[in-house]
Amino acid sequence: MGRLKVYLGAAPGVGKTYRMLDEARRRADRGTDVVVAYVECHKRPHTLAKLAGLEVLPRAQRTYRGGEFEEMDLDGVLERRPGVAVVDELAHSNIPGGRHAKRWQDIEELLAAGIDVVTAVNIQHLESLKDVVEKITRVPQQENVPDEVVRRAHEIELVDMPAPALRRRMAHGNIYAPEKVDAALANYFRVGNLTALRELALLWVADSVDDALQKYRFEHGIDRVWETRERVVVALTGGPEGETLIRRAARIADRSVGGDLLAVHVARSDGLAAGSSPAALARQRALVESLGGSYHSVVGDDIATALLEFARAENATQLVVGTSSRGRLERFVTGRGIGETIVALSGDIDVHMVTHERAGRGRQLPSRRRTLSTRRLIAGPVVGLVLPVLLTLLLDGTRGTLNLTSEALLFLLAVVAVACVGGVVSAVVASITASLLLNYWFMPPVGQFTFSDVNSVLATVVFAVVAGTVAAVVDRSLRLSRRSARATAEAETLSSLAGSIVRGDQAIPALLERTRETFGMDSAELTSAPVTDTAAVQVPIGEEAHLVLRGRTLPSSERKVLAAFAAHVTVAVERAQLAEAAAEIEPVRAADRMRTALLAAVSHDLRTPLAAGWAAIASLRSRDVEFTDEDRDELLATADESMARLGRLIDNLLDMSRLQAGALNLNLRATALEEVLPTALESLPPQSRVDIPCLNAVPAVLADPPLLERVVANLLSNAARHTPPDRAVLLTASTLDDRVEVRVIDRGPGLPAEDRERAFVPFQRLGDTDNTTGVGLGLALARGLTEAMSGTLTPEDTPGGGLTMVLSLPAADLAH
């Protein structure tokens, strides 16, 4: 398997290709077999100079829709089989005709063949940042590469440059041709855009480095915290104090650049999470995510241990917990709480004990999940021995004050108390101790054991029966509470999982990661067959897959919850399969809907021009009426206009049908806007006014001339229809990056943002009541034809009112 090195930049022109070729020259100088499989230098002299002395492989020629294009010759590289191949533009979309749709897929084939690859990509082409970049720059990204492809690289090197320096390079002509500099500096290469893109690149690389660090720590068994970046973990119990803790933790994380906020809730069966509210947890999760943090749920029987294990696994530097809500008496009885335990065991993790309004006020509801701790199991028998002795000393000091009945009742009360605290064993110890002390010290004859008296025997039996009964009740309630607690913990965990799925986190990798995290395992994966590792936990998923977890041994109680997780993974797998099947069916359904709409349009909207044309021709052919020359000319003009409208409608319908069927043939070539504008203007009504500034400085575009003329004509027609008679439609053009943007600007009422995409739906007039204006295909056809030519068509607000249609197409001199 070959090794991949990626040069990542924030924007075009930062020097990725230059650095990539510089790396190739260094490797070649060291004796490595290096070839340049594909590089775009964009006529930059310094970059072209770096090609000198390097072997450049010929490119493959592709013919697509009448145009000739150059692509990397994948088969040629595989046949040449170099040690290192330099392949530029990782996110590039290949011209149809090769084996793969994307260049990153070509690179993966080279890597599989054992060839090392050096490549480059800009941050705006990463799939996860597509929408973010579009919001910042207002430029849609047509070419994207999955983040995972870049993350799998053995080496990622950031090519960085401050925004002012990059703009200076642009102004000096080191990136684009001089005629494109002004437009680029005023649009995509604004300081704000470049600064934001630079921050995205830095943060993405930082996350990638952090993933590599976490992997290294796991592989080398390093569990101590390395404070490379601030990670703040906040512990949530589901109580009302959670929002206070979250906001405090968020402020701590915000104090450092790139700080992470992680909220964690421990679902367990030891009864320490009394008062947990699923509704409160749901609100707190929403708050965490709104603050940019992430929510996690783990299973553990000891909350302090579970929290610290999670924090260390995430390499957390700080842990935020709330101060105890137990009252003083409860703290005195039960001893050290969760917070104190965490502080004692935290090691190099800083612990913040945050006070809140419920601190020290006790739990909101009595715990119904109380279980016996190890300390209580040990202390119970000791108390069963000591408490009766202390009571004996107390009563002996007040001898004569109480009668035997009262003394016996006090001993009985002590036995009941011990039974409640320590369970069955403690109750037996206490009952034996109390009966013996009562018999020796308080039953006559005092000072000796007497069991011949009926009263003595009865007292001993009563003590034993009462103690046994109380202990049995306590033991049964504890068992029931354990079951209830386990069921509650399982319900909390499954509720959290279900919530993730409802929110859209149902992707199989996300579910596997959540399963691994919830059960505290080292890894979780899907395999096609059972594994031979006996230490792994395996659960069947459907008929052909298995969920395999590696790490600790799971008790049977947690395996039941794991089975529920496995069921969710099964559903996710089936859903993915159904989605693939639906994706295959959707084009057929779309074509069927289009055919239905076409038939409806033909049966209704074509009737008006046909009727008008027939009426005019029938009138001219009539011999019963004598027409003047003016009347005859008017009828001929009506017939001509009707037939022209009919021809345009039929052309639109046929083009839309061919476009939907994928049968539209393109002849892409360098096309000047001046070549198509005259014909497009002729199709407008005579009263339409269009202003067009000088277009001499605008380069030619890569387009099919007749189809481009149809696009421009439809856009101008739509703009003219909505522009007031006293105003003119404005058509301008400029360059941005390697594309040409044509703007058709009207001064009409405009469109609300929520209706803009509907404007491109076939047969949609958006409120037009005049059915004679057409079948509503103009904008739909314009966008379809534009996208077929690798362009985009997007609406924008016109400053001062109106709508601007932005047609973006590749510039012919930069297209490849």
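Residues numbered from 1 in each chain as written. Predicted model: local features only at pLDDT ≥ 70, side-chain atom pairs only at ≥ 80, totals over all residues. Heavy atoms only, no water.

## Notes on the overall build of the protein
Then, number 1: Check the secondary structure of the protein and you find 24 helices and 23 strands.
Then, number 2: Out of the 816 residues in the protein, the part that is buried amounts to 44%.
Then, number 3: Once local pairs closer than 6 in sequence are excluded, the contacts in the protein between residues at least 24 apart make up 71%.
Then, number 4: On the protein, roughly 40700 Å² of surface is accessible, and the fraction owed to carbon and sulfur atoms is 56%. (Helix = DSSP H or I, 4+ residues; strand = E, 2+ residues; numbered from the N terminus. Buried < 20%, exposed > 50% of the residue type's maximum accessible area, 1.4 Å probe, protein only. Contact = heavy atoms within 4.5 Å. Areas by Shrake-Rupley, 256 points an atom, 1.4 Å probe, with all protein chains shown as cover.)

## Section: a nonpolar patch on the surface
Then, number 1: A surface patch of nonpolar side chains, about 530 Å² in accessible area, is lined by Val382, Leu385, Val386, Val389, Leu390 and Leu393.
Then, number 2: Inspection of the secondary structure puts valine 386 in helix α15 (residues 374–397).
Then, number 3: Taking the relative accessible area as the measure of exposure, valine 386 reaches 39% and is therefore partly exposed. (Patch = residues over 30% accessible without salt bridge, like charges linked within 9 Å, V, L, I, M, F, W, Y side chains within 5 Å. Salt bridge = Lys/Arg side-chain N within 4 Å of Asp/Glu carboxyl O.)

## Focus: the sheet that holds strand β8 (residues 155–159)
Then, number 1: The strand order β3-β2-β6-β7-β1-β8 describes an open sheet built from six strands, whose pairing is parallel. In this open sheet, the two strands that pair with only one neighbour each are β3 (55–56) and β8.
Then, number 2: As paired elements, strand β2 (residues 34–38) and strand β6 (residues 84–87) share four bridges and run parallel to each other. Across the sheet, residue valine 34 finds its bridge partner in β6, namely valine 84.
Then, number 3: This element, helix α1 (residues 16–29), spans β1 (4–9), β2, β6, β7 (116–122) and β8 of the sheet and lies at about 150° to β1. (Pairing = 2+ DSSP bridges. Axes fitted to C-alpha atoms, helices over the stretch in contact; angles between N-to-C directions.)

## Topic: the sheet that holds strand β14 (residues 523–527)
Then, number 1: Spatially, three strands are ordered β14-β16-β15 in an open sheet, and the strand pairing comes out antiparallel. A single partner strand is all that each edge strand has here, and the edge strands are β14 and β15 (537–541). Pairs of neighbouring strands in the sheet enclose a mean axial angle of 20°, with direction left out of account.
Then, number 2: Note: β14 against strand β16 (residues 545–550), five bridges, orientation antiparallel. Bridging from a neighbouring strand, leucine 526 pairs with leucine 547 of β16.
Then, number 3: Most of the contacts of helix α18 (residues 508–518) go to β14, to which it runs at about 135°, and overall it touches β14 and β16.

## Focus: the nonpolar core
Then, number 1: Core analysis: the biggest nonpolar cluster contains 67 residues, and Ile123, Val145 and Phe189 have the highest contact counts within it.
Then, number 2: Counting 42 residues, the second largest nonpolar core, distinct from the first, contains Val729, Val740, Phe760 and Met805. (Core = buried A, V, L, I, M, F, W, Y, C linked by side-chain atoms within 4.5 Å.)

## Section: helix α12 (residues 303–313)
Then, number 1: If you check which residues of α12 are buried, you get Ile303, Ala304, Ala306, Leu307, Leu308, Phe310 and Ala311.
Then, number 2: Elements that come into contact with the buried residues of α12 comprise β9 (231–236), β10 (260–267), β11 (294–299), β12 (318–322), α14 (338–345) and α18.
Then, number 3: Phi turns positive one or two residues past the end of α12, at asparagine 315, with a value near 55°.

## Quick word on a negative patch on the surface
Then, number 1: There is a patch of like negative charges on the surface, built from Asp629, Glu630, Asp631, Asp633 and Glu634.
Then, number 2: Its location among the elements puts aspartate 633 in helix α21 (residues 629–661).
Then, number 3: What makes aspartate 633 partly exposed here is its relative accessible area of 48%. (Lys, Arg positive; Asp, Glu negative; His and termini not counted. Charge placed at Lys NZ, Arg CZ, Asp CG, Glu CD.)

## Some words on the side chain of threonine 527
Then, number 1: In this structure, threonine 527 sits in strand β14.
Then, number 2: For threonine 527, a relative accessible area of 15% gives the class buried.
Then, number 3: If we skip the residues at most four places from it in the chain, threonine 527 touches Glu544, Ala545, His546 and Val548.

## Thoughts on the packing of α12 against α14
Then, number 1: At a closest axis distance of 9 Å, the pairing of α12 and α14 adopts a crossing angle of 45°. On the basis of their axis angle, the class for α12 and α14 is oblique. Between α12 and α14 lies a crossing whose hand is right-handed. Residue-level inspection shows Ile303, Ala304, Leu307, Leu308 and Arg312 of α12 in contact with α14, the latter providing Ile338, Thr341, Ile342 and Leu345.
Then, number 2: Of the residues assigned to the contact of α12 with α14, the class counts are seven nonpolar, one polar and one charged. (Parallel < 35°, antiparallel > 145°, perpendicular 65-115°, else oblique. Left-handed = near helix turned anticlockwise from the far one by under 90°. Nonpolar A, V, L, I, M, F, W, Y, C, P; charged D, E, K, R; others polar.)

## Side note on the packing of aromatic side chains
Then, number 1: Inspection of every chain in the model, using the stated rule, returns two aromatic pairs.
Then, number 2: Their ring planes at 75° and their centres at 5.5 Å tell us that tyrosine 440 and tryptophan 441 sit as a pair that is edge-to-face.
Then, number 3: For arginine 59, the ring lying beneath its charged end belongs to tyrosine 38, and the centroid distance is 4.0 Å. (Phe/Tyr/Trp six-rings, centres within 6.5 Å; stacked < 30°, edge-to-face > 60°. Lys NZ or Arg CZ within 6 Å of the ring centre and 35° of its normal.)

## So, unusual backbone geometry
Then, number 1: With phi around 60°, lysine 43 is a residue other than glycine that occupies positive phi space.
Then, number 2: Inspection of the secondary structure assignment puts lysine 43 in the loop between β2 and α2 (45–49).
Then, number 3: Look at lysine 43 and you get exposed, because its relative accessible area is 68%.

## Observations regarding the packing of helix α22 (residues 673–682) against helix α23 (residues 705–722)
Then, number 1: The N-to-C vectors of α22 and α23 enclose an angle of 50°; their axes lie 8 Å apart at closest approach. When the interaxial angle is binned, α22 and α23 end up oblique. Both α22 and α23 take part in a crossing whose hand is right-handed. Facing Leu673, Glu675, Val676, Leu677, Thr679, Ala680 and Leu681 of α22, the residues of α23 in contact are Pro705, Leu708, Glu709, Val712, Ala713 and Leu716.
Then, number 2: Its residues assigned to classes, the contact of α22 with α23 comprises 10 nonpolar, one polar and two charged.

## What about the confidence of the model for the protein?
Then, number 1: Here the protein averages 78 in pLDDT, while 79% of its residues score no lower than 70.
Then, number 2: For the protein, the element scoring lowest by mean pLDDT is helix α13 (residues 328–334), at 47; β6 scores highest, at 95.
Then, number 3: Confidence drops under pLDDT 50 across residues 329–335; counting only partners more than four residues distant or on other chains, this segment forms 10 contacts.
Then, number 4: Predicted confidence is poor over residues 765–776, with pLDDT under 50, and the contacts of this stretch with residues over four places away or in other chains come to 29 contacts. (pLDDT = per-residue confidence, 0-100.)

## Remarks on helix α7 (residues 163–171)
Then, number 1: Those residues of α7 that fall on the buried side of the exposure criterion are Ala163, Ala165, Leu166 and Met170. All buried residues of α7 lie within an arc of 165° about the axis, which places them on one face of the element.
Then, number 2: One or two steps after α7, the chain reaches glycine 173, where phi turns positive at roughly 80°. (Arc of directions from axis to C-beta.)

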